[in-house]
Protein chains: 2
Amino acid sequence: MSWENNVRKVVPYVAGEQPKNKNVIKLNTNECPYPPAPGVEAVLNHFDYDVLRKYPDPDVADLRTVLAKRYKVPVEQVFVGVGSDDVLAMAFLTFFNSEKPILFPDITYSFYDVWADLYRIPYECQALDEKFEIKKEDYCKENGGIVIANPNAPTGVAAPVSMIEEIIKANQDVVVIVDEAYVDFGGESCVPLVEKYDNLLVVQTFSKSRSMAGMRIGFAIGSKKLIGFLNDAKFSFNSYTMNATSIIAGVASVEDEAYFQEITGKVIATREWTKQELARLGFTFTDSKTNFIFASHKSIPAQEIFDALRENQIFVRHWNKERIGNYLRISIGTDEEMKQVMEFLENFINERK
Amino acid sequence: MSWENNVRKVVPYVAGEQPKNKNVIKLNTNECPYPPAPGVEAVLNHFDYDVLRKYPDPDVADLRTVLAKRYKVPVEQVFVGVGSDDVLAMAFLTFFNSEKPILFPDITYSFYDVWADLYRIPYECQALDEKFEIKKEDYCKENGGIVIANPNAPTGVAAPVSMIEEIIKANQDVVVIVDEAYVDFGGESCVPLVEKYDNLLVVQTFSKSRSMAGMRIGFAIGSKKLIGFLNDAKFSFNSYTMNATSIIAGVASVEDEAYFQEITGKVIATREWTKQELARLGFTFTDSKTNFIFASHKSIPAQEIFDALRENQIFVRHWNKERIGNYLRISIGTDEEMKQVMEFLENFINERK
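Residues numbered from 1 in each chain as written. Chains lettered and ligands numbered in written order. Predicted model: local features only at pLDDT ≥ 70, side-chain atom pairs only at ≥ 80, totals over all residues.

## Section: the overall build of chain A
Tallying secondary structure elements over chain A gives 10 helices and 12 strands in all. The C-alpha radius of gyration of chain A comes to 21 Å, within 12% of the 20 Å expected for a compact globule of 353 residues. Buried residues in chain A amount to 54% of all 353 residues. Taking as baseline every contact in chain A between residues at least 6 positions apart, the subset at least 24 positions apart corresponds to 72%. (Helix = DSSP H or I, 4+ residues; strand = E, 2+ residues; numbered from the N terminus. Rg over C-alpha atoms; globule rule 2.2 N^0.38 Å. Buried ≥ 20, exposed ≤ 12 C-beta atoms within 10 Å, placed from the backbone. Contact = placed C-beta atoms within 7 Å.)

Structure representation (structure tokens):
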């Protein structure tokens, strides 16, 4: 017998590349092209480092309080974690403990099946339709829980909240997680439904619309009961997941609503301009409500475009997977970056003709 | 059927209180009384907050590299996490997957049984002897894994590395975790044994000897194979657990070895002085090799002393638990703080006579 027999063997999630070279156009991990709110810089540069000798507030009260105010819910209904991945992983562990399979789309955030495998949770993927849309009826059968990214990634497609609500209604005996990582770029949030459904957990992140991927902050809003169970699991895992700098930086971000509106508005405007350009160049794409566009060219294979972009220091994301192998996921950068990318694509496509 | 039936219900770990009032003598959570290395302040106050828009390095290469150099192991043998709690929780999940019980002492870090419960890992506590020492033979029977805090908490007792090695030798078919959270205050580390035993995981933390509890950094050293499995689980949980500030602050801390030696030396000196004082006042205690003392008074019940201290804004730790109910765990503060506490105790004891 070897100790290796008792190891939980898993195949990890593979995140998008973080190139060391800074002279690249990085459109591969859906980061925001603008810096965090100016208040974040201020609090970090005046940070009293002496407080680091003490443990941070395990309840993360300051950050949960500003989030509660911003999302108009009681503070007991807010949970925070080390990015939405931490929140989602903890939610999978806490809520999906039945023998029945949990349900999520076949094309979605590819961490869902990794968490299910990690915790040995049975799951069944439900095929999106040919327009990459969710079919409601797929989620109205016996299951151990439901996870829906809305807007979805990597497709960018948003389902109407009315449809999500019908799914929640039909699944009162399990927890329904709505992953709203990209909701701030034109999607409609399910947060208002939390009041009506105590089995709904809405998860969001600071990594995209708040431009703080490097700080690792995610949060969830749900009923007091749901958040209570999630807290019990979290406090059985690590008393202090949020360090002192992430707490103060997170608070500074939430307090600057104007800046948040400004940068999300800019990303949306650049995305809509990029859509026009891509259409002109012969791409088709979904009506993205996120900070990326999921696009396919009418004649040139995605892999070929991906390779050409990469050779020219432009990083986008491509998966060699069924159904989406001919698509590229292109994050929205600054206007200048997107102009450069469109110019490159125009030349590349013309030369290839 | 309610969704609550599928919830993983757990009883969370209760961490020591973090009083909001700053005018207290806080000796209840084994924090270091001195600030982190000056370099930590420098890197935070000159932090380029613009990098926060991007994800941090998922491999945490910079921090793992300085740790590898400091502990004289290849970088592939170093794992980092959000405090040693994160590292230990991940190690329990990864390595303890047999039907046989894992073994740890009856009096030890009270998170071990919480993690075991969270992950539904069977466990059996082994009674320390009357001097709060480990009995080697208790760990030389069939088991699913072993966890030993060395030096132990809350007792402060250090086992000789030769005894730990005998336990490892007798348990080649399971993973043995040695939790060295307090080793830098005079204990002997098992890190050199990692080269000989590929089933040994040694866990340490920045929270005590590096004075960075607020930054949440822990690490583990083990064989390349062991660390590989741990990484697979970690990357199946959260791609980026360490945020950008914790990485640079951690590096700055490890780079200042002189400061590390200085503050751990000061804590040790203060501890030895405090031992003399406590003995003079009628306390008995173990020969602590940590940054706290586990003490019991010859005539006054611990609860009574605890209450009196607390009323006077002096926080120490006390557990209403079998075998240790008459002990107080007193963290080592500055010389000035310990002098004040000893003066208070002297008066309190004299008045009570």
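## Details of the sheet that holds strand 7 (residues 200-205) of chain A
Residues and elements named next belong to chain A. The strand order across the open sheet formed by seven strands is 2-8-7-6-5-3-4, and the pairing between neighbours is mixed. The sheet is open, and its two edges are formed by strand 2 (78-81) and strand 4 (123-126), each paired on a single side. Here the strands of the sheet are splayed against their neighbours by 20 degrees on average, with no regard to which way each runs. Bridge analysis of strand 2 against strand 8 (residues 218-222) gives four bridges, and the strand direction is antiparallel. Residue pairing in the sheet places Val80 in a bridge with Phe219 of strand 8. In this fold helix 3 (residues 83-95) packs onto strand 2, strand 5 (145-149), strand 6 (176-179), strand 7 and strand 8, with an angle of close to 45 degrees to the strand it touches most, strand 8. (Pairing = 2+ DSSP bridges. Axes fitted to C-alpha atoms, helices over the stretch in contact; angles between N-to-C directions.)

## Looking at the interface of chain B and chain A
At the interface, 71 residues of chain B touch 71 residues of chain A. Of all the secondary-structure elements, those providing two or more residues to the side of chain B that touches chain A are helix 1 (38-45), helix 3 (83-95), helix 4 (112-118), helix 6 (224-234) and helix 7 (244-255) of chain B. Ranked by residue count, the leading element in the side of chain B that touches chain A is helix 3 of chain B, at seven residues. Broken down by class, the residue content of the side of chain B that touches chain A amounts to 38 nonpolar, 21 polar and 12 charged. (Nonpolar A, V, L, I, M, F, W, Y, C, P; charged D, E, K, R; others polar.)

## Quick look at the domain arrangement of chain A
Residue and element names in this part refer to chain A. When its domains are assigned, chain A resolves into domain 1 (17-35 + 258-352) and domain 2 (38-255). Put simply, the middle of domain 1 and the middle of domain 2, counted by C-alpha atoms, are 26 Å apart. Among the secondary structure elements, those contributing two or more residues to the side of domain 1 that touches domain 2 are helix 8 (257-280) and strand 10 (292-297). If you tally residues by element for the side of domain 1 that touches domain 2, the top one is helix 8, at six residues. (Domains from an automatic or database assignment.)

## A look at the sheet that holds strand 9 (residues 283-285) of chain A
Residue and element names in this part refer to chain A. Read across the open sheet, the three strands follow the order 9-10-12; overall the sheet is antiparallel. Each edge of the sheet is formed by a strand with only one pairing partner; in this case those strands are strand 9 and strand 12 (328-331). Averaged over neighbouring strand pairs, the angle between their axes works out to 40 degrees when direction is ignored. This element, helix 8, spans strand 9 and strand 10 of the sheet and lies at about 0 degrees to strand 10.

## Description of the relation of the copies chain B and chain A
At an RMSD of 0.0 Å, chain B and chain A line up after a rotation of 180 degrees and a shift of 0.0 Å along the axis. On the angle and the small slide along the axis, the relation comes out as a two-fold axis. Identified as the residue of chain B closest to the rotation axis by C-alpha distance is Asn45 of chain B, at 2.1 Å. Residue by residue, 100% of the interface of chain B is reproduced at the interface of chain A, so both copies engage with the same surface. (Least-squares fit on C-alpha atoms with pLDDT ≥ 70 in both.)

## Overview of the environment of Asn326 of chain A
Residue and element names in this part refer to chain A. Among the structural elements, Asn326 can be located in the loop between strand 11 (314-315) and strand 12. Expressed as a C-alpha distance, the spacing of Asn326 and Pro154, which sit 172 residues apart in the sequence, is 13 Å. Leave out the neighbours within four places in its chain, and Asn326 touches Ser296, Pro301 and Ala302.

## As for the confidence of the model for chain A
Counting all residues, the mean pLDDT for chain A is 96, and 100% of those residues have values of 70 or more. If you check the scores for this complex, the pTM reads 0.97 and the ipTM reads 0.96. (pLDDT = per-residue confidence, 0-100.)

## Quick look at the pairing of strand 8 (residues 218-222) of chain B
Residues and elements named next belong to chain B. Of all five residues in strand 8, five are buried; the element is thus mostly enclosed. Burial along strand 8 is two-sided: the face carrying Gly218, Ala220 and Gly222 and the face carrying Phe219 and Ile221 are both buried. Examined bridge by bridge, strand 7 (residues 200-205) and strand 8 share five bridges and lie antiparallel to one another. Looking across to strand 8, one finds that Val203 is bridged to Ala220.

## Comments concerning helix 10 (residues 335-352) of chain B
Residues and elements named next belong to chain B. Taking 1.5 Å per residue, 18 residues should reach 26 Å; helix 10 reaches 26 Å between its end C-alpha atoms and fits that length. Restricting attention to buried positions, one finds in helix 10 the residues Met338, Val341 and Leu345. Projected down its long axis, helix 10 carries its buried residues within an arc of 60 degrees, all on one side. Facing away from the buried side of helix 10 by more than 90 degrees, the exposed set consists of Glu336, Glu343, Asn347, Asn350 and Glu351. Lining the buried residues of helix 10 we find strand 1 (25-26), helix 8 (257-280) and strand 11 (314-315). (Expected span 1.5 Å × (residues − 1). Arc of directions from axis to C-beta.)

## Considerations on the pairing of strand 5 (residues 145-149) of chain B
All names here are of chain B. In terms of residue burial, strand 5 counts as a mostly covered element, since five of its five residues are buried. The sheet contact formed by strand 3 (residues 102-105) and strand 5 spans two bridges and is parallel. Its bridge partner being in strand 5, Leu103 is matched across the sheet by Ile146. Pairing of strand 5 with strand 6 (residues 176-179), which is carried by four bridges, proceeds in the parallel orientation.

## A word on the packing of helix 3 of chain A against helix 6 (residues 224-234) of chain A
Residue and element names in this part refer to chain A. Running from N to C, helix 3 and helix 6 point in directions that differ by 105 degrees, and their axes come no closer than 9 Å. Looking at the two axes, helix 3 sits roughly perpendicular to helix 6. For the pair formed by helix 3 and helix 6, the contact residues are Met90, Ala91, Leu93 and Thr94 on the first element and Phe229, Leu230, Ala233 and Lys234 on the second. Class assignment of the residues belonging to the contact of helix 3 with helix 6 gives a composition of six nonpolar, one polar and one charged. (Parallel < 35°, antiparallel > 145°, perpendicular 65-115°, else oblique.)

## Quick notes on the packing of helix 2 (residues 61-71) of chain B against helix 7 of chain B
Residues and elements named next belong to chain B. One way to put it is that helix 2 packs onto helix 7 with a least axis distance of 8 Å and a crossing angle of 20 degrees. In terms of orientation, helix 2 lies roughly parallel with respect to helix 7. When the axes of helix 2 and helix 7 are compared, the crossing they make is left-handed. Listed contacts from helix 7 to Asp62, Leu63, Val66, Leu67 and Arg70 of helix 2 are Ile247, Gly250, Val251, Val254 and Glu255. By residue class, the composition of the contact of helix 2 with helix 7 is six nonpolar, one polar and three charged. (Left-handed = near helix turned anticlockwise from the far one by under 90°.)

## Re unusual backbone geometry
Residue and element names in this part refer to chain A. With an omega dihedral of -5 degrees, the bond running from Asn150 to Pro151 counts as a cis peptide bond. Position of Pro151 relative to the elements: it lies in the loop between strand 5 and helix 5 (161-169). Despite not being glycine, Arg323 shows a phi value in the positive range, around 75 degrees. With respect to the secondary-structure elements, Arg323 resides in the loop between strand 11 and strand 12.

## A short note on helix 7 of chain B
Here helix 7 of chain B spans 17 Å end to end across 12 residues, near enough to the 16 Å set by a 1.5 Å rise per residue. Within helix 7 of chain B, 10 of the 12 residues are buried, which leaves the element mostly enclosed by the surrounding structure. Of all the positions in helix 7 of chain B, only Ala244, Thr245, Ser246, Ile247, Ile248, Ala249, Gly250, Ala252, Ser253 and Val254 of chain B are classed as buried. Tucked inside the fold, the buried residues of helix 7 of chain B contact helix 7 (244-255) of chain A together with helix 1 and helix 2 of chain B.

## Quick word on the environment of Ser239 of chain A
Here Ser239 of chain A shows up in the loop between helix 6 and helix 7. In the structure, Ser239 of chain A is positioned 181 residues away from Pro58 of chain A in sequence and 5.9 Å away in space, judged by C-alpha atoms. Sequence-distant contacts of Ser239 of chain A, defined by excluding residues within four places in its chain, comprise Pro58 of chain A together with Tyr13, Ala15 and Asp85 of chain B.

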